Amino acid sequence: MSDAESTGAISPEQLADAIASGERIALLDVRNRDEIDAWRIEGPGVESTHVPYMQFVSAGVTGDVESLVDPEESYVVVCPRGEESAEVVDLLADTGTDARNLTGGMEAWTWV
């Protein structure tokens, strides 16, 4: 496991390599629907789930974060710049759900 993965993050290059190798990736996209419709991460093993960031904020207040995801799944969380997704990774970690933040978000994915 790389340093980025052990700290709850994955770089765009690491994600691209995992997709290229055919690895199954459970992508949790917390962007708005229009942002997802404009551009998304795709690949043969990518399974994408959309849960808007604001749902996680609300669930964090009510203590119901685990109801938004499959707690048995390992996720790569994506947002525009990696900030909201980092917060979601922290919320998921508090519930025991394995999740990594795409460092730099979709802006960083542009350069892969």
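The model shown is predicted, which means the values in this text are computed figures rather than measured ones. (Residues numbered from 1 in each chain as written. Predicted model: local features only at pLDDT ≥ 70, side-chain atom pairs only at ≥ 80, totals over all residues. Heavy atoms only, no water.)

S.K.: Give me the overall build of the protein: which residues, what numbers.
M.R.: Summing up its helical and strand segments, the protein has six helices and five strands in all. Secondary structure elements of the protein occur, N-terminal to C-terminal, as α-β-α-β-α-β-α-β-α-β-α. Taken against the 2.2 N^0.38 rule, which gives 13 Å for 112 residues, the C-alpha radius of gyration of the protein at 13 Å falls within 12% of a compact globule. By the burial criterion, 41% of the 112 residues in the protein qualify as buried. Expressed as a percentage of contacts within the protein between residues at least 6 apart in sequence, the contacts between residues at least 24 apart total 59%. Only carbon and sulfur atoms are counted for the fraction: they give 48% of the accessible area of the protein, which is about 6,000 Å². Of note, the protein has its 6 positive side-chain charges centred 7 Å away from the centre of its 23 negative side-chain charges. (Helix = DSSP H or I, 4+ residues; strand = E, 2+ residues; numbered from the N terminus. Rg over C-alpha atoms; globule rule 2.2 N^0.38 Å. Buried < 20%, exposed > 50% of the residue type's maximum accessible area, 1.4 Å probe, protein only. Contact = heavy atoms within 4.5 Å. Areas by Shrake-Rupley, 256 points an atom, 1.4 Å probe, with all protein chains shown as cover. Lys, Arg positive; Asp, Glu negative; His and termini not counted. Charge placed at Lys NZ, Arg CZ, Asp CG, Glu CD.)

S.K.: Give a description of the nonpolar core that names residues and reports values.
M.R.: Looking at soluble globular proteins, one finds that nonpolar side chains tend to be buried together. Of all hydrophobic cores here, the largest spans 16 residues; its most connected members are Leu28, Val30, Phe56, Tyr75, Val77, Val88 and Leu92. Elements that contribute at least two residues to this core include exactly strand S2 (25-29), helix H4 (53-62), strand S4 (74-78) and helix H5 (83-94). Ignoring sequence-local partners within four residues, the contact set of Val77 consists of Leu28, Val30, Ser85, Val88, Val89, Leu92, Ala99, Arg100, Asn101 and Leu102. Residues Ile10, Leu15, Val76 and Trp109 belong to the second largest nonpolar core, which totals 14 residues. (Core = buried A, V, L, I, M, F, W, Y, C linked by side-chain atoms within 4.5 Å.)

S.K.: Summarise the pairing of strand S5 (residues 98-102); cite the residues concerned and give the values.
M.R.: Most of S5 is tucked away: four of the five residues are buried. Alignment of strand S1 (residues 9-10) against S5, held across two bridges, turns out to be parallel. Note that in S5 the partner of Ala9 across the bridge is Asn101. The pairing of S4 with S5 spans four bridges and is parallel. Directly across from Val77, in S5, lies its bridge partner Asn101. Traced from S4 through H5 to S5, the parallel crossover comes out right-handed. (Pairing = 2+ DSSP bridges. Right-handed = clockwise from strand over helix to strand, strands pointing away.)

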